[in-house]
Amino acid sequence: MGTQTASLASRVLDRLLDPVRDVLTPEVARAIADLRADATTRERLDELAERHHEGRLSPDELAEYQALVNGVNLISVLQAKARSVLKSRPSA
């Protein structure tokens, strides 16, 4: 995915998830903001990313890599929404 396409996708995802921000309690927002991938997932993503940049992914691996990247992007947007909730409503 090109940089402009990725940026557009991120903005669309951000807009789609705006309503989520409005329903997050500070407690749930804190839990979302603290989410981290487990070690196995991080290692697999790193491995696929390296092989992707070398042009050595099979079609199945490319699909897996794209799914992981899309998931990371989704979680990143949710975490940004959660952090904005915590900024505006820090105490709970």
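Quick summary incoming for the structure in this document. Per chain, residues are indexed from 1 in the order of the written sequence. For this predicted model, a pLDDT threshold of at least 70 governs which residues receive local features, and a threshold of 80 or more governs which side-chain atom pairs are given and counted, while totals over whole chains, interfaces and linings are taken from all residues. Side-chain measures were taken over the full set of non-hydrogen atoms in the model, leaving aside hydrogen atoms and water.

We count a stretch as a helix when DSSP gives it H or I for four or more residues in a row; a strand needs E for two or more, and each element gets its number in order from the N terminus. Within the protein chain, the regular secondary structure consists of five helices and zero strands. Going from the N terminus to the C terminus, the protein chain shows its helices and strands as α-α-α-α-α. Taken over C-alpha atoms, the radius of gyration comes to 16 Å for the protein chain, far larger than the 12 Å a tight globule of 92 residues would show. Note on classification: 1.4 Å probe, protein chains only; a residue is buried when its accessible area is under 20% of the maximum for its type, exposed when over 50%, partly exposed between these limits. Here the protein chain holds 92 residues, and the buried ones make up 20% of them. Sequence-distant contacts, at least 24 apart, represent 71% of the contacts inside the protein chain between residues at least 6 apart. We count Lys and Arg on the positive side and Asp and Glu on the negative side, and we leave His and both chain ends out. Charged groups are reduced to one reference atom each: NZ for lysine, CZ for arginine, CG for aspartic acid, CD for glutamic acid. One way to put it: in the protein chain the 13 positive side-chain charges average out to a point 9 Å from where the 14 negative ones average out. Just to be clear, the radius of gyration here is over C-alpha atoms, and the globule rule we use is 2.2 Å times residues to the power 0.38. Pairs of residues are marked as contacts when any of their non-hydrogen atoms sit within 4.5 Å.

Across soluble globular proteins, nonpolar side chains show a tendency to be buried alongside one another. Nonpolar cores are built from buried Ala, Val, Leu, Ile, Met, Phe, Trp, Tyr and Cys residues. Side-chain atoms within 4.5 Å join them into one set. Within the largest apolar cluster, seven residues are counted, these being Leu24, Ala29, Ile32, Ala33, Ala82, Val85 and Leu86. Put simply, the parts of the chain that give this core at least two residues each are α3 (26-33) and α5 (59-88). Dropping the residues within four chain positions of it, Ile32 is found in contact with Leu24, Leu78, Gln79 and Ala82.

Turning next to a nonpolar patch on the surface. Each patch is built from residues that are more than 30% exposed by relative accessible area and take part in no salt bridge. Like charges join if they lie within 9 Å; nonpolar side chains (Val, Leu, Ile, Met, Phe, Trp, Tyr) join within 5 Å. Accessibility throughout is a Shrake-Rupley quantity obtained with a 1.4 Å probe, and a residue counts as covered only by protein chains that appear here. By definition here, a salt bridge exists when the distance from a side-chain nitrogen of Lys or Arg to a carboxyl oxygen of Asp or Glu is within 4 Å. A surface patch of nonpolar side chains, amounting to about 270 Å² of accessible area, comprises Leu8, Val12 and Leu16. Along the chain, Val12 turns up in helix α1 (residues 3-16).

Right, let's talk about the pattern of salt bridges for a bit. All chains considered together, the criterion is met by six salt bridges. Asp18 is the partner of Lys81 in a salt bridge, and the nearest nitrogen-oxygen pair spans 2.3 Å. Linking Lys81 in helix α5 with Asp18 in helix α2 (residues 18-23), this pair joins segments that are 63 residues apart in sequence. Judged by its relative accessible area of 6%, Lys81 is buried. A salt bridge links Glu54 to Arg56; its shortest N-O distance comes to 2.6 Å.

Relative to the helices and strands, Gln79 resides in helix α5. With sequence-adjacent residues up to four places away left out, Gln79 is seen in contact with Ile32, Ala33, Asp34, Leu35 and Arg36.

Helix axes are fitted only over the stretch in contact, all axes being lines through C-alpha atoms; the angle between N-to-C directions runs from 0 to 180 degrees. Where α3 contacts α5, the axes come no closer than 8 Å and their chain directions differ by 135°. Accordingly, the angle class assigned to the pair α3 and α5 is oblique. The crossing of α3 and α5 is left-handed. In this structure, α3 contributes Pro26, Ala29, Arg30, Ile32 and Ala33 to the contact, and α5 contributes Leu78, Gln79, Ala82, Arg83, Val85 and Leu86. Any angle between 65 and 115 degrees counts as roughly perpendicular, while under 35 counts as roughly parallel, over 145 as roughly antiparallel, and the rest as oblique. Two helices crossing with the near one rotated counterclockwise from the far one by less than a right angle form a left-handed crossing, whereas a clockwise rotation gives a right-handed crossing.

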